[in-house]
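# Remarks on the overall topology
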Amino acid sequence: MNKIYFLLGFILMVVFPLTISAQHKEQEIDPSKPTNMYTEVSVNLDYKKSDEENLYGVRGSISYAINPDNLLMAEIPVLRNDLTGKTGLSDIRVRYFTALKRDITPTFIAIAPFLDVTMPTGSFENGLGGSSWSISAGSVIGLMFSEKFGLFPGIGIIHMTKPSTDLIPDDMKFTSTGVAFQFNASYSFSSKTYIFVNPTPSILSTNGIWKTYWAGETSLNHTFIPGKLLMSLYWGPNFTNKTNSFRLGATFYL
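Our subject in this report is the structure included herewith. (Residues numbered from 1 in each chain as written. Predicted model: local features only at pLDDT ≥ 70, side-chain atom pairs only at ≥ 80, totals over all residues. Heavy atoms only, no water.)

### Remarks on the environment of Phe 246
Topologically, Phe 246 is positioned in strand S16 (residues 243–253). Exposure remark for Phe 246: the relative accessible area of 36% places this residue in the partly exposed category. Taking C-alpha positions, Phe 246 is 9.3 Å from Tyr 56, a pair spaced 190 residues apart along the chain. Apart from the residues lying within four places of it in its own chain, the contact partners of Phe 246 are Leu 45, Asp 46, Tyr 47, Tyr 234 and Trp 235. (Helix = DSSP H or I, 4+ residues; strand = E, 2+ residues; numbered from the N terminus. Buried < 20%, exposed > 50% of the residue type's maximum accessible area, 1.4 Å probe, protein only. Contact = heavy atoms within 4.5 Å.)

### Some details on the packing of aromatic side chains
One pass over the full model with this rule turns up seven aromatic pairs. Ring centres of Phe 97 and Phe 114 lie 6.2 Å apart, and the angle between their planes is 45 degrees; this geometry places the pair in the tilted category. Here the residue Phe 97 occupies a position in strand S5 (residues 92–98), and Phe 114 occupies one in strand S7 (residues 108–119), the gap between them amounting to 17 residues. Ring geometry for Phe 181 against Phe 183: centres 6.2 Å apart, planes inclined by 15 degrees, an arrangement best described as stacked. Judged by relative accessible area, which is 25%, Phe 181 ranks as partly exposed. Above the ring of Tyr 234, the side-chain terminus of Arg 247 is found at 4.5 Å from the ring centroid. (Phe/Tyr/Trp six-rings, centres within 6.5 Å; stacked < 30°, edge-to-face > 60°. Lys NZ or Arg CZ within 6 Å of the ring centre and 35° of its normal.)

### Observations concerning unusual backbone geometry
Working note: non-glycine residues mostly have negative phi, and peptide bonds are mostly trans. At Ser 131, a position not held by glycine, the phi torsion is positive, near 65 degrees. Here Ser 131 is to be found in the loop between S7 and strand S8 (134–144). Classification of Ser 131 by relative accessible area gives buried; the value is 5%. Notably, Lys 242 is not glycine yet its phi reads approximately 55 degrees, a positive angle. Tracing the sequence through the fold places Lys 242 in the loop between strand S15 (229–238) and S16. With relative accessibility at 58%, the residue Lys 242 sits in the exposed group.

### With respect to a nonpolar patch on the surface
Where nonpolar side chains cluster on the molecular surface, the patch consists of Tyr 64, Ile 66, Leu 72, Tyr 96, Leu 115, Trp 133 and Ile 135 and spans about 650 Å² of accessible area. Relative to the assigned elements, Tyr 96 resides in strand S5. Looking at Tyr 96, the relative accessible area reads 31%, which means it is partly exposed. (Patch = residues over 30% accessible without salt bridge, like charges linked within 9 Å, V, L, I, M, F, W, Y side chains within 5 Å. Areas by Shrake-Rupley, 256 points an atom, 1.4 Å probe, with all protein chains shown as cover. Salt bridge = Lys/Arg side-chain N within 4 Å of Asp/Glu carboxyl O.)

### Focus on the side chain of Asn 221
Turning to its location among the elements, Asn 221 is positioned in strand S14 (residues 216–225). By relative accessible area, which is 6% here, Asn 221 ends up buried. Side chain to side chain, Asn 221 and Ser 219 meet in a polar contact 3.3 Å long. Those residues in contact with Asn 221 that lie beyond four places of it in its chain are Lys 192, Thr 193, Tyr 194, Phe 196, Leu 230, Met 231 and Ser 232. (Polar contact = N/O pair within 3.5 Å; in protein donor to acceptor, adjacent residues only side chain to side chain.)

### What to know about the environment of Ile 76
Of note, Ile 76 is situated in strand S3 (residues 70–81). In this structure Ile 76 comes out as partly exposed when scored by relative accessible area, which is 39%. As for Ile 76 and Thr 121, which are separated by 45 residues in sequence, their C-alpha atoms are 9.7 Å apart. Apart from the residues lying within four places of it in its own chain, the contact partners of Ile 76 are Val 58, Arg 59, Gly 60, Leu 89 and Ile 92.

Just distances and angles here, no functional claims.
Next up, the structure:
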């Protein structure tokens, strides 16, 4: 069964985009700037490692650019937990971005507020979800210092609801509220290859106790078919929770 999931992921990630891409004309895109918004489909082979358990499977996402300044994205993971032996839907994430202002100065290229919601659709009992809603609202700005190098820092207020699972006693369930940061740096090695390095610390208060969570994201991206197909390698460490996420992904631009 596990081989079937990975074969399906490979077909969705590589074969399907390559087949469909031949039907579309090349379009000019620049995904090295996160404030640029495109309609796209992404499929990732996903592996998350921790001391207690490992999760692996397929993580798909669909982004719809309502127009060049408004983007709606849904991320849908189907994972397997090797500790519980269960496979199923994990927590779905939905994000909305809007570019309020562009090209403010040659360096200051964008202000983009966002709303980010993670829904507890995965089973906590099967080790596939967190059983809490997570809601964050904030803004990202774009700063380009050269044709190759840019910074896209952001800040957001985040709120997490009490866990809904019955496996946690009621007197141990608390909401969490705080602030989340990102310090995304983008560097283009060429017109086809670029890297994102994004520290993402957050500070949350749970039952009046404040804690800092140190995490980040790094992805290496290469355009194989301009305007159509991009492949990526992703590493997402959470140093506080001692987990590491790895992804091999393909993005097809529609």
